[in-house]
Structures are given as structure tokens and as C-alpha cells.
Amino acid sequence: MDAFVVGSVTMLEVLAVFVSAVSGGLAAVRKRFDAFGVLVLAWVAGLGGGVLRDLLIGDTPPVGVSSWRLVVAALAAGVLIFFFHPGLERMRRTVLVLDAAAMALFVLQGTTKALGLGSGVLTAVVVGVLTAVGGGILRDVLTGEVPLVFADRQLYAVPALVGAGLVAALWRLELLAPWNAVLVVVLVFAFRMLSVARGWAVPPAGPGWTARWGRG
Amino acid sequence: MDAFVVGSVTMLEVLAVFVSAVSGGLAAVRKRFDAFGVLVLAWVAGLGGGVLRDLLIGDTPPVGVSSWRLVVAALAAGVLIFFFHPGLERMRRTVLVLDAAAMALFVLQGTTKALGLGSGVLTAVVVGVLTAVGGGILRDVLTGEVPLVFADRQLYAVPALVGAGLVAALWRLELLAPWNAVLVVVLVFAFRMLSVARGWAVPPAGPGWTARWGRG
Amino acid sequence: MDAFVVGSVTMLEVLAVFVSAVSGGLAAVRKRFDAFGVLVLAWVAGLGGGVLRDLLIGDTPPVGVSSWRLVVAALAAGVLIFFFHPGLERMRRTVLVLDAAAMALFVLQGTTKALGLGSGVLTAVVVGVLTAVGGGILRDVLTGEVPLVFADRQLYAVPALVGAGLVAALWRLELLAPWNAVLVVVLVFAFRMLSVARGWAVPPAGPGWTARWGRG
């Protein structure tokens, strides 16, 4: 379990950062940012969640500014988008699937890192969810948009929360092992994908909110 | 004085977080955020100021992500608003009064916590004010609004600043005691309430700014 | 080199903070913020980059909330703008030149501070650039604008990045000395000024981006 616990920079993590960074680069292009803006937004979307996580658990400097592998992964996504974004815009479905996988990985990675550094269960769950959704929130704020994750009614944060809760519970019971950690990642990914396919929705607040539960 | 100094999680602090969280939940409902957005905004408005405080004074993880009592208080406000917000919107006056009381408490709590952890007077005053106004600033940024506290001309930050300055001065003179700490809270609250009742205003910048001092 | 390394608060740094704070105060006035908003925005623009730097390298409390000299410098700029902003708006050219000098100083100061506290080269470069551009980004977010530095196509972050890279390289080669540190500052300043004079531009992303390289 040590490999998970210390939050080691694995190949999977590099890929997850790359995939998440794509959404930032695309948002920057849509806003007609310049090359610097595209690179920064890719970095923010790919590594912003991890930076918030590390600041909250006091692990400075955050890997988002100290790990060559992760920073290069995020900037590579930015460069790619800068030159080839029309093609990437058309791969919207692929990006959606890969992004769900990256989100699931971030949840595991963020939650176990916090637990490994001595955080309590509550902190670990909050930080695990934030690792997954924080980059997107910062991306939206920096492009002048209201964060999508707060308002689009999709189940994105909910699978993340379920995953972080499961990981923290397994840890607390001293049952967390590579095999069930992988299982949680698969579960979070499947939950997210299923909610997209079925159109499951988070209810909005409103007088008639009960009538709007779900889209079916 | 120890109870104040270490920033212990008291019942009053829990109530102050709950009351402050209400403004975040209501802002989220107005923006038609979904259930997740309402909960996060309640958390941000109730605990965001304290998170900024703890990050600045290096006390990680911040109580906003590690204290069950405080997190539950903020989320409870979010749940309440999600279901019953039309009623809460009508209680605007009550919310205003409770919010002023919460602000006064946050100023004392933030300033003494910083001083207790060894911060200098300047840091403690800045951090005390930020504990009181930081949650509202983050709430406004995350809902796509310009922070109200910068532009609404109300005396909100000014009473906070006066209170933080008084607490820091008393501390420096080694005169801070429970009785005068309570007095400062009452004073900050009274100052805020009086400014609302009388319509006292912070002057805006502008060529004819002197003519606009006050609303009378 | 010690004087640079520990990031000591020098007269030059105080001046750089003052100059940078001017842009925040002016942005607040344009948004018709009140006196409190003008002061906070001056503080954010002058010291926000340094606060982000210190949070990322774990040096809490940040000098932006603990150094009297720096806080007074930023607030003095705010007060000045509150009363005399029409005159300052007319000094746009002077402000542009002084701001470029401040940016160059921040790059040196931020990069060497990070290196001096044990950060690696990557962290130091990121943090050096952030010290220079972070205040402006926070200023724009808090006034409801998309950060100028991401979208205005000007060479602002690029000279900063070159300067931070040079400082880090010299440090790594154990060649950093007062005389070449000053040279880097002059170089960054000259690069920025030249890019303004010649209209050099960062390319925006877009289908026909190659055609838009430069403005000539």
C-alpha cells in the first residue's frame, strides 16, 4: 500500500494530469487567450486541484509546482491544444471518458495522500474531492465563468465524494489494499459514466425542486 | 484567556459558522446552483474566511476541513436552505442581525488565534478581518459576482478592522481578558448595527467623493 | 548574495510594491469600489503575488501580511489613488514604465527567495513568475475581469519567465552574484519595454494562428 500512500508520481498520475489539463487548454482557446494563457489554464486545470490539496494539508511546495513530470504533462497538453485544438474539440466524447477516469484516479490519489500524511478522515475526504474538482473550479474562475461543477446538475462531484468516502472508510478499517483501491477507482469511473449515459441529475434548489429530480 | 487564545471550537463558533453559511446557500440558490453547489457555497461562506486565515498563519489543515462540528454546521445550513430557502429569504432582517453577530465573533476568534500562534500584531489584524470578510469574498467570486464588501459602501469591514485592532492592542498591552474580549465583540456588533440603522456609508472614490460622504 | 537570498525587505522592494499596488487601486476606482475596496485592491495587486509565492513555498505568514513596510507601501498607494486618481490615470505611460521595473524586481526577488529556502529550480521559476504576475491575476479576478495577462497578447509573463529561468540557471551553476542579478533585472525590464515599443505580441490560439504571429 505504500506506493499509494505516499502519493508517488506514477505514470497513471501523469496521464490523469495530462487529460485534465486538456479541459483547461480548451477553455482558454474558447476565450481566445494567448499562448501564455493557454499554457497557464492547462496547468491550472491539470494541477490546480492538487495544489489546493497540498496547501490544505501543508505539504509545500505542492507537487504542481515541484514535480517536473507533472508540470511537463500539463504544459504538453497546453501546447498540443494550442496547435491542434479544432481536432480535440471534435473528440469531445473521448475527452469526457478520459476525464472521468482521471477524476477517479485523483480521488484515490488525493484521499490516500492526505491520510498518509496524517490527516483525519474528514480532511481526507474533503481533500480527495477537491483534488478531483478543484482544477475545474479554478479553470472556470480564471476564465470568468461560474464553476460548472456547482451548476450543471451532472453527477461529477457525487461519484468523487462516494469514492473518497469509501477510500477513507477502508483506510480507517485498515482494509485498504491495492486490489480494493483499484476497485474504488473503477466504481467511481463507472458511476460517472453511467450517470452521463442515463442522464442522472443532481436536483437544483427551487420551489418545485422535487418535481425536477432526475431528468427522466 | 487560554480558551480564546487557542481558538477552541466553541458552541458560539459553531453558530457563527452556521449563520455565515446561510448567505452562501442563498447566493447559490439565487444562481440556480444544484444541490452540490448549494452545499459547497454554504461551506465556502461559513468556513472560507477561516480557511484563508489558517493558510496564512500556517495552521494546516485548516479547521474548515478538519473540524467535524464546523463542517457539519456549514453543511446543515446548506441543507436547510436547499429545502426551505423561500422562507429564509423572507427572514432577511434576522439574517442581517445574526450575520453581524457572527462577523463580530469571527473578528475576535481570528485575531486571537493568530496572536496565540505567535503572529505579530499586523498579521493578526489582517487575519482577523479576513476571517470575518473572507468567506463572503470567496462566495461572491465563486458565484461570478464582484465582492459586495468592496463596493456596497456599507460599514462591514470597518467595524471588523476596529475590532481586530482593539483586540490586538489589548493583547499587546497584556490586558486582553474574557470580559473585555466580550466587550469588543459587543462593540463591533453595535457599530455594525448602528451603521445599518443610520445608513452610514464608506465613501466611494470619485472626483466629487467628498460630496458623497454619508448618505444623509 | 545573502541579501538577495533571504528575500530581505529592501527599499527597492517597497517601491516595487507601491508601484504594483497602483494598478490595483486604479482598477478599483474604475469599478467604483468604495474606500475599503480601493485599499484592498491596492494591497492585492501590490502584495498578492508575494502572498501566493509564500504560501506555495510554505513560508508563513507571508510577508504580505506580516511586513509593516510592505503593507504600508501598498496601502499608501491605495490612499493616494483614492484621493488623486484622475491625475494618476493621466500618468499612464509613467505607470507602465515603473510597473515593468517592479515586475523585473519581483522576478528576481521571488526566484531567489524560493531558491534560498531550498526550493528546486522548477518551483523557483514558477514561483518567480507568479510573484510578478500573481498580484495582477488576483486583482482582475476580484474586479470581475478575465486576467489581462492571459489574454492581452502582450509580452509580460514571457520576460518574467526568461528572467526567472536565467536567475535559476545562474544559481544552479553557482554563478549568481549581485552584478549579474542586477543584469537580469535590467534585461527583463528592457525586454518588456522593447516589446511594448515594438508591439511584439504573444500569438493567440486559433485556426489561423500562424498568420497572426506578431502585429507587424
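Conventions and cut-offs
- Residues numbered from 1 in each chain as written.
- Chains lettered and ligands numbered in written order.
- Predicted model: local features only at pLDDT ≥ 70, side-chain atom pairs only at ≥ 80, totals over all residues.
- Helix = DSSP H or I, 4+ residues; strand = E, 2+ residues; numbered from the N terminus.
- Rg over C-alpha atoms; globule rule 2.2 N^0.38 Å.
- Buried ≥ 20, exposed ≤ 12 C-beta atoms within 10 Å, placed from the backbone.
- Contact = placed C-beta atoms within 7 Å.
- pLDDT = per-residue confidence, 0-100.
- Least-squares fit on C-alpha atoms with pLDDT ≥ 70 in both.
- Nonpolar A, V, L, I, M, F, W, Y, C, P; charged D, E, K, R; others polar.
- Axes fitted to C-alpha atoms, helices over the stretch in contact; angles between N-to-C directions.
- Parallel < 35°, antiparallel > 145°, perpendicular 65-115°, else oblique.
- Left-handed = near helix turned anticlockwise from the far one by under 90°.
- Expected span 1.5 Å × (residues − 1).

**Quick look at the overall build of chain A**
Scanning chain A for helices and strands turns up 10 helices and 0 strands. The N-to-C order of helical and strand elements in chain A reads α-α-α-α-α-α-α-α-α-α. What you see for chain A is a C-alpha radius of gyration of 17 Å, in line with the 17 Å of a compact globule of 216 residues. With the principal axes as the frame, chain A shows a C-alpha extent of 50 × 50 × 25 Å.

**Some remarks on the environment of valine 44 of chain C**
Residue and element names in this part refer to chain C. Tracing the chain through its elements places valine 44 in helix α3 (residues 35–56). Judged by the 31 C-beta atoms lying within 10 Å of it, valine 44 falls in the buried class. Separated by 20 residues in sequence, valine 44 and glycine 64 have C-alpha atoms that sit 8.9 Å apart. Apart from residues no more than four positions distant in its own chain, valine 44 is found in contact with Gly24, Gly135, Leu138, Arg139 and Leu142.

**Description of the confidence of the model for chain A**
Residues and elements named next belong to chain A. In this model, chain A carries an average pLDDT of 90, and 91% of its residues clear a pLDDT of 70 or more. At the level of individual helices and strands, chain A shows its lowest average pLDDT in helix α1 (residues 2–5), which scores 51, and its highest in helix α3 (residues 35–57), which scores 97. Across residues 208–216, where pLDDT falls below 50, the model places 10 contacts with residues more than four positions away in sequence or in other chains. For this predicted complex, the interface confidence score (ipTM) comes to 0.89, while the overall pTM stands at 0.91.

**Topic: the relation of the copies chain B and chain A**
The two copies are related by a screw operation: chain B maps onto chain A through 120° of rotation and 0.0 Å of translation along the axis, at an RMSD of 0.0 Å. Seen this way, the second copy is the image of the first under a three-fold rotation axis. Mapped onto chain A, only 8% of the interface residues of chain B again fall at the interface, so the copies present different surfaces.

**Quick look at the interface of chain A and chain C**
Residue-level contacts link 25 residues of chain A with 23 residues of chain C. Elements supplying a minimum of two residues to the side of chain A that touches chain C: α3, α4 (63–66), α5 (68–90) and α7 (121–142) of chain A. For the side of chain A that touches chain C, the element with the most residues is α3 of chain A, which contributes 6 residues. In terms of residue class, the side of chain A that touches chain C is built from 16 nonpolar, 6 polar and 3 charged.

**Concerning the interface of chain B and chain A**
Taken together, the contacts link 26 residues of chain B with 23 residues of chain A. Contributing elements (two or more residues each) for the side of chain B that touches chain A: α2 (11–30), α3 (35–57), α4 (63–66), α5 (68–90) and α7 (121–142) of chain B. In terms of residue count, the dominant contributor to the side of chain B that touches chain A is α3 of chain B (6 residues). When its residues are assigned to classes, the side of chain B that touches chain A shows 17 nonpolar, 6 polar and 3 charged.

**Points about the packing of helix α2 (residues 11–30) of chain C against α3 of chain C**
Residue and element names in this part refer to chain C. Two numbers describe how α2 lies on α3: the axes approach to 7 Å, and their chain directions differ by 140°. Here α2 lies oblique to α3, going by the angle between them. In this structure, α2 crosses over α3, and the sense of that crossing is right-handed. Residues Val17, Phe18, Ser20, Ala21, Ser23, Gly24, Gly25, Ala27, Ala28 and Val29 of α2 pack against Gly37, Val38, Leu41, Ala42, Trp43, Val44, Ala45, Gly46 and Leu47 of α3.

**Observations concerning helix α9 (residues 157–172) of chain A**
Its 16 residues give α9 of chain A an end-to-end C-alpha distance of 22 Å, which sits within 8% of 22 Å, the value for a rise of 1.5 Å per residue. Among the residues making up α9 of chain A, those that are buried are Ala157, Pro159, Ala160, Leu161, Gly163, Ala164, Leu166, Val167, Ala168 and Trp171 of chain A. Buried residues along α9 of chain A sit in contact with α6 (92–116), α7, α8 (148–151) and α10 (178–198) of chain A together with α3 of chain B. In the stretch just after α9 of chain A, glutamate 174 of chain A is the one whose phi turns positive, near 55°.

**Structural notes on the packing of α6 of chain A against α10 of chain A**
Residue and element names in this part refer to chain A. Where α6 contacts α10, the axes come no closer than 9 Å and their chain directions differ by 140°. As the angle between them shows, α6 and α10 are arranged oblique. Crossing of α6 over α10 shows right-handed handedness. Between α6 and α10, the residues in contact are Leu96, Ala100, Ala101, Met103, Ala104, Leu105, Val107 and Leu108 and Ala181, Val184, Val185, Val188, Phe189, Arg192, Met193 and Val196, respectively. When grouped by side-chain class, the residues that make up the contact of α6 with α10 number 15 nonpolar, no polar and 1 charged.

**What about α2 of chain C?**
All names here are of chain C. The end-to-end C-alpha separation of α2 is 29 Å, in line with the 28 Å expected for 20 residues at 1.5 Å each. The buried count for α2 comes to 15 of 20 residues, which makes it a mostly enclosed element. Note on α2: the residue one or two positions beyond its end, arginine 32, has a positive phi of about 60°.

**Some points on the environment of valine 188 of chain B**
Residues and elements named next belong to chain B. Checked against the element boundaries, valine 188 lands in helix α10 (residues 178–198). Along the sequence, valine 188 and valine 107 sit 81 residues apart, while their C-alpha atoms lie 8.7 Å from each other. In this structure valine 188 touches Ala104, Val107, Pro159, Ala160, Val162 and Gly163, once residues within four positions along its chain are discounted.

**Structural notes on unusual backbone geometry**
Peptide bonds are mostly trans, and most non-glycine residues show a negative phi. Here the residue pair threonine 60 of chain B and proline 61 of chain B is connected by a cis peptide bond, since its omega of -10° sits within 30 degrees of zero. Secondary-structure assignment places proline 61 of chain B in the loop between α3 and α4. The phi angle at arginine 153 of chain C is positive, at roughly 65°, despite the residue not being glycine. Its place among the elements puts arginine 153 of chain C in the loop between α8 (148–151) and α9 (157–172).

**Some points on the environment of threonine 131 of chain B**
Residues and elements named next belong to chain B. When you line up the elements, threonine 131 lands in helix α7. Between the C-alpha atoms of threonine 131 and proline 178, which are 47 residues apart in sequence, the distance is 20 Å. Not counting chain neighbours up to four residues away, the residues in contact with threonine 131 comprise Gly49, Gly50, Arg53, Phe106, Val107, Gln109 and Gly110.

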